[in-house]
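Here is what each chain is made of, one letter per residue.
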Amino acid sequence: MDRILTRLATARREGTPFGITSVCSAHPLVLRAAIRRVVRDGGPVLIEATCNQVNHLGGYTGMTPEDFIRFAERIAAEEGLDRSQMIFGGDHLGPNPWRKEKPEAAFEKAEAMVEAYVRAGFGKIHLDASMGCAGEPAALDDRTIAERAARLAQVSERAAKASGAPLPLYILGTEVPVPGGADHALEELRPTAPEAARATIAIHREIFSQAGLEDAFSRVIAFVVQPGVEFGSENVIGYRPELATELTGLLDQEPQFVFEAHSTDYQTRNALTRLVKDGFPILKVGPGLTFALREAAYALDMIATEMVPDYGDRLLAAAMEALMLAAPGDWQAHYHGDETALRLQRHYSYSDRIRYYWNRPEADRAFENLLGALRGKTIPETLLHQFLPQLSAAEAGNPENILIAAVDSVLADYQSACGTAP
């Protein structure tokens, strides 16, 4: 199934572009929604884990790369999806989780993480060495980034050969959006300058060649650039194709590659479709999916408050507020303003920092309490319409299906934009 990724550039050149949705989430209901859609409609599912979510030390999910693949495979087996239809990607693999450490210490951990991802069976590897570590500038120069990416690629290649895994496909680049979106309000956003993208490709080609990694570089399928899309805590910058014309024209001179589009969350279906057509066929989405999940969960919280006499008053939202206040590390540096603004952002921000809390025991208990309160009960159509007007009454008897349908409504836009591989 990885071969579908190697056809993206060829399809663009031949005038039959198609795309693939990169589902960047570790939430079981999000993965179930993505897998269920593939079972129903066909095609592969591309599931990606980020360096902060999943790493050799556990990440914030507590899962190693091997754990994550087994976790996703269990859901796939329950939904009847064959393993051959699953592609696993590692996102932002580099020193980001340890960037407050000295460079060498951070890179030793990054190397161990990359090795763990490849040995576990991740076939799409995004090498991201774009951030500085302790004592370094926040933004590094292209040569340093390329040298560090080559160092990580050497580890990846050795791990694949030692474990007998297929040799990975790679994503490279230096102008990499911040994982999870910006932490401030955004105004205008300019795409990567074509000369900057051209220089990035050239320096990586040179450095990989010097390191004896020509074969690895031949498996680079895409570079990460900024297409001019992003989301902050409270707003979204939509794609403006006229601003990216010169950038996408570069792909005509570099037929090996396409561009990978990060932070496509909350883009319209038309914008996503145009991104694919213009040369950004790998559409990464994560917070936008868990935002839809949280939105539906909070709606069910309101529904349970209205129709279940002994449920209480918005118990899920109250539990999440208490949890985030007790453990503010995953949101405090990202949200700004007075107490009212902070409270609203904790729950309703596009950045969706609440997603870092769903796997904690307190959140899990509150979530299960909500689902238990509604299982076996039919939500009146009028009440469903009050809080979830976009969903069909056909889902009203099963709260899990309501949540999956909310996520699927986002995935539907991506599937429409990606089309069908020729």
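Everything quoted here is computed from the prediction, not taken from an experiment.

Trainee: Just to check I follow, could you spell out the pattern of salt bridges for this structure?
Mentor: A side chain with one charge can pair with a side chain of the opposite charge if their charged atoms come near. For the structure on display, the rule yields 31 salt bridges. Between Glu 79 and Arg 32 there is a salt bridge, and its shortest N-O distance comes to 2.7 Å. Pair noted here: Glu 79 is in helix α4 (residues 65-79) and Arg 32 is in helix α3 (residues 28-41), with a separation of 47 residues, a long-range link. In this structure, Glu 79 and Arg 32 share a single accessibility class: buried. One salt bridge connects Arg 148 with Glu 136, and the closest N-O pair in it is separated by 2.5 Å. Of this pair, Arg 148 sits in helix α6 (residues 142-163) while Glu 136 sits in the loop between β4 (124-127) and α6, and the two are twelve residues apart along the sequence.

Trainee: Even after reading the chapter, I still don't get the packing of aromatic side chains, so can you show me in this structure?
Mentor: Note on aromatic pairs: each is described by the distance of the centres and the angle between the planes. Summed over all chains, the structure comprises 18 aromatic pairs. Ring geometry for Phe 223 against Phe 257: centres 5.1 Å apart, planes inclined by 80°, an arrangement best described as edge-to-face. Linking Phe 223 in strand β6 (residues 220-224) with Phe 257 in the loop between α9 (245-249) and β9 (258-261), this pair joins segments that are 34 residues apart in sequence. Residue Phe 223 shares its accessibility class with Phe 257, and that shared class is buried. Ring plane angle 35° and centroid distance 5.5 Å describe the contact between Phe 259 and Phe 280, whose orientation is recorded as tilted. Pair noted here: Phe 259 is in strand β9 and Phe 280 is in the loop between α10 (269-278) and β10 (282-285), with a separation of 21 residues, a long-range link. Taken together, Phe 68, Phe 71, Phe 88, Tyr 117 and Phe 122 form an aromatic cluster joined through their ring pairs.

Trainee: Can you walk me through the sheet that holds β6 in this structure?
Mentor: Strand pairing in a sheet relies on backbone hydrogen bonds, with the paired strands running either antiparallel or parallel. Read around the closed barrel, the eight strands follow the order β1-β2-β3-β4-β5-β6-β9-β10; overall the barrel is parallel. Each adjacent strand pair in this sheet contributes to an overall mean axis angle of 25°, direction not counted. Two elements, strand β2 (residues 45-50) and strand β3 (residues 86-93), share six bridges in a ladder whose sense is parallel. Looking at β3, one finds that Glu 48 is bridged to Gly 89. Helix α16 (residues 399-418) rests against β1 (20-24) and β10 of the sheet, and its axis sits at about 150° to β1.

Trainee: In this structure, what is going on with the environment of Thr 248? I would like to understand it.
Mentor: Following the sequence through the fold, Thr 248 ends up in helix α9. Linking Thr 248 and Gly 279, residues 31 residues apart in sequence, is a C-alpha distance of 6.1 Å. Apart from residues lying up to four places away in sequence, Thr 248 is in contact with Arg 12, Phe 259, Asp 278 and Phe 280.

Trainee: Even after reading the chapter, I still don't get the side chain of Ser 25, so can you show me in this structure?
Mentor: Along the chain, Ser 25 turns up in the loop between β1 and α3. Classification of Ser 25 as buried rests on a relative accessible area of 3%. In terms of polar contacts, Ser 25 uses its side chain to reach the backbone amide nitrogen of His 27, at 3.1 Å.

Trainee: Help me understand the packing of helix α11 (residues 287-307) against helix α14 (residues 361-374), please; the structure alone is not making it clear to me.
Mentor: How two helices sit against one another is set out by the angle between their axes and by the gap between those axes. Contact geometry of α11 with α14 gives a least axis separation of 10 Å together with a crossing angle of 50°. Considering the angle they form, α11 stands oblique to α14. Where α11 crosses over α14, the two elements pack in a sense that is left-handed. The segment α11 lies against α14, with Ala 297, Leu 300, Asp 301, Ile 303, Ala 304 and Met 307 engaging Phe 367, Leu 370 and Leu 374.

Trainee: Where do I start with helix α12 (residues 315-326) in this structure?
Mentor: Each α-helix turn comprises 3.6 residues. Residues three or four places apart therefore point the same way. Taking 1.5 Å of rise per residue, twelve residues should cover 16 Å, and α12 covers 16 Å from first to last C-alpha, within 8% of that figure. For α12, the secondary structure elements touched by its buried residues are α11, α13 (339-348) and α14.

Conventions and cut-offs
- Residues numbered from 1 in each chain as written.
- Predicted model: local features only at pLDDT ≥ 70, side-chain atom pairs only at ≥ 80, totals over all residues.
- Heavy atoms only, no water.
- Salt bridge = Lys/Arg side-chain N within 4 Å of Asp/Glu carboxyl O.
- Helix = DSSP H or I, 4+ residues; strand = E, 2+ residues; numbered from the N terminus.
- Buried < 20%, exposed > 50% of the residue type's maximum accessible area, 1.4 Å probe, protein only.
- Phe/Tyr/Trp six-rings, centres within 6.5 Å; stacked < 30°, edge-to-face > 60°.
- Pairing = 2+ DSSP bridges.
- Axes fitted to C-alpha atoms, helices over the stretch in contact; angles between N-to-C directions.
- Contact = heavy atoms within 4.5 Å.
- Polar contact = N/O pair within 3.5 Å; in protein donor to acceptor, adjacent residues only side chain to side chain.
- Parallel < 35°, antiparallel > 145°, perpendicular 65-115°, else oblique.
- Left-handed = near helix turned anticlockwise from the far one by under 90°.
- Expected span 1.5 Å × (residues − 1).

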